[in-house]
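Notes for the structure review
For reference, the chains in residue letters:
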Amino acid sequence: MTVLVTGGAGYIGSHTCVELLNAGFDVVVYDNFSNSTPESLKRVMQITSKKLSTVCGDVRDKALLEKTLEGCDAVIHFAGSKAVGESVEKPLEYYENNVYATLCLLQSMRRMNIKKLIFSSSATVYGNPEFLPFTEAHPLRTTNPYGQTKLVIEEMLRNLHVSDPTWSIAILRYFNPVGAHESGLIGENPQGIPNNLMPYIAQVAIGRRQCVNVFGNDYPTKDGTGVRDYLHVVDLASGHLKALAFLDRPQCTAVNLGTGKGYSVLDVIHAFSKACGKEIPYAILPRRAGDIAEFYSDPSFAKELLGWAAKYDLDKMCEDMWRFQCQNPKGYEE
Ligand code: NAD
Ligand code: UFG
């Protein structure tokens, strides 16, 4: 079986390619390298001792995409833009690269008669919690343009499936992916100042930044700092393999991929400190605009439907993240 992986050179895509190759799939990565480098794919091949094909292309380039889709059986669609803050500044760019690009992909897949798709959605589609943990039945109403693009795409996929029930679509709603491959060869490689907590902590630990800014300690949570459901990226990648198996049945289903456990910002700082053997300096700042106090998943539907559950705990997430950071102090640059 050949899987086309859009955005396969990125953080989650590269880890998923490792799992796909190890499981014996043929992999074609389609990426424009706007937020990644071909180096990650070299390392995927190094880890697995297997080859994948790479096409440098934009998802909006339908001619090239259709040519690349020839001979593929399914698509995992990671490509897109993902920074919440940037989406507030540049909403049209986000609708272009997320909604319009996905529309192009769906049109090309339909033309090529390929109807199996896994789509990267996000817990951000749930917005402010009405109840916790978030089940898939929680109302959908997001609070930022990035989340809105995910919601529009989800709706587009549900509409498509109603119009043609032979499509088989898994919408995976990721909670907070962190960590890196155990080899230390691939991991998250943020450009500029990291927006997300764990890569920021890792850069403080390695000495690239002075101290972690904790955005708010006055939330109604156990220690006042924000609580999230952090998930090891290798667990997340393995969830995609389980979802691929499920694509044998035509349907359009949304599934949470999380651990079901919530950890506070201070929990993460302490766990990382343990993993790297150093104190992590931090300072309390005001809340970050738009942040939610606390959210975590109910992962039981993923278990029931896909037979998937996360295996790795927060300590392992930090250990693997730290190994990647030590082996690649400047990311993939060197
Ligand atoms: P990433 O930026 O590391 O990877 C995305 C990849 O897509 C990059 O390699 C980039 O070069 C490529 N790309 C972007 N636009 C493209 C286009 N028009 N054509 C071709 N390639 C393009 O991001 P990631 O963290 O691996 O996230 C993957 C997906 O998961 C995204 O859709 C993101 O919204 C979603 N997601 C991520 C998180 C997270 O915290 N990382 C959480 C929830 C959902
Ligand atoms: N935080 C800090 N300091 C930082 C960065 C973050 O204190 O430097 C705090 C935040 O306030 C929050 C927690 O750490 O309480 C996690 O923040 P992240 O930015 O790491 O993650 P978010 O939950 O805000 O957002 C992430 C992705 C979104 C996605 C969402 C749900 O960035 O794209 O998870 O999946 F939508």
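That block above? That's the structure.
The structure reproduced in this document is the subject of the present report. Given the structure is predicted, the values throughout are model-derived calculations rather than measurements.

Side note on the layout of surface pockets
- Reported here for the second largest pocket is a volume of approximately 200 Å³.
- Lining the second largest pocket are 17 residues, and of these Asn189, Pro190, Arg208, Lys330 and Gly331 sit closest to its centre.
- Only helix 7 (197-205) and helix 11 (314-327) provide two or more residues apiece to the lining of the second largest pocket.

Side note on the sheet that holds strand 1 (residues 2-6)
- Read across the sheet, 7 strands follow the order 3-2-1-4-5-6-11 without closing on themselves; strand pairing throughout is parallel. Two strands bound the open sheet, and with one partner strand each, they are strand 3 (53-56) and strand 11 (252-257). Across the sheet, the mean angle separating the axes of adjacent strands is 20 degrees when strand polarity is ignored.
- For strand 5 (residues 116-122) and strand 6 (residues 168-174), the ladder comprises 7 bridges, and the chain directions are parallel. When the sheet's bridge partners are listed, lysine 116 is paired in strand 6 with serine 168.

Considering the packing of helix 7 against helix 9 (residues 265-276)
- In contact at an axis separation of 11 Å, helix 7 and helix 9 are set at 40 degrees when each is read in the N-to-C sense. One finds that helix 7 runs oblique with respect to helix 9. The chirality of how helix 7 crosses helix 9 is right-handed. From helix 7, Leu197, Met198, Ile201, Ala202 and Ala205 reach across to helix 9, where they touch Val265, Val268, Ile269, Phe272 and Cys276.
- Considering only residue class, the contact of helix 7 with helix 9 consists of 10 nonpolar, no polar and no charged.

A word on the site of ligand 2
- In the vicinity of ligand 2 there are 22 residues, among which Asn196, Asn213, Arg228, Arg288 and Asp291 approach most closely.
- Contact between ligand 2 and serine 122: an oxygen atom at 3.3 Å from a side-chain N or O atom of the residue.
- In the model, an oxygen atom of ligand 2 is placed 2.8 Å from a nitrogen or oxygen of the arginine 288 side chain.
- Calculation on ligand 2 without its partners gives an accessible area of 690 Å², and the protein chains cover 90% of this total.
- When residues in the shell around ligand 2 are grouped by element, the largest group, 3 residues, is from strand 8 (residues 212-215).
- Residue composition of the shell around ligand 2, by class: 11 nonpolar, 7 polar and 4 charged.

Let's talk about the packing of aromatic side chains
- Throughout the structure, instances matching the rule amount to 7 aromatic pairs.
- Relative to tyrosine 332, the ring of phenylalanine 324 has its centre 5.8 Å away and its plane inclined at 70 degrees; by these criteria the two rings are edge-to-face.
- Residue class for tyrosine 332 comes out buried when judged on its relative accessible area of 9%.
- An aromatic cluster is built from Tyr126, Phe134, Phe175 and Phe295, whose rings are joined through pairwise contacts.

Parameters and conventions
- Residues numbered from 1 in each chain as written.
- Chains lettered and ligands numbered in written order.
- Predicted model: local features only at pLDDT ≥ 70, side-chain atom pairs only at ≥ 80, totals over all residues.
- Heavy atoms only, no water.
- 1 Å grid on protein atoms, 1.4 Å probe; cavity = no way out; pocket = protein on both sides within 12 Å on 5 of 7 lines; lining within 4 Å.
- Points joined across faces, edges and corners; volume = space filled by probe spheres on them.
- Helix = DSSP H or I, 4+ residues; strand = E, 2+ residues; numbered from the N terminus.
- Pairing = 2+ DSSP bridges.
- Axes fitted to C-alpha atoms, helices over the stretch in contact; angles between N-to-C directions.
- Parallel < 35°, antiparallel > 145°, perpendicular 65-115°, else oblique.
- Left-handed = near helix turned anticlockwise from the far one by under 90°.
- Contact = heavy atoms within 4.5 Å.
- Nonpolar A, V, L, I, M, F, W, Y, C, P; charged D, E, K, R; others polar.
- Near = heavy atom within 4 Å.
- Polar contact = N/O pair within 3.5 Å; in protein donor to acceptor, adjacent residues only side chain to side chain.
- Areas by Shrake-Rupley, 256 points an atom, 1.4 Å probe, with all protein chains shown as cover.
- Phe/Tyr/Trp six-rings, centres within 6.5 Å; stacked < 30°, edge-to-face > 60°.
- Buried < 20%, exposed > 50% of the residue type's maximum accessible area, 1.4 Å probe, protein only.

By themselves these figures say nothing about function.
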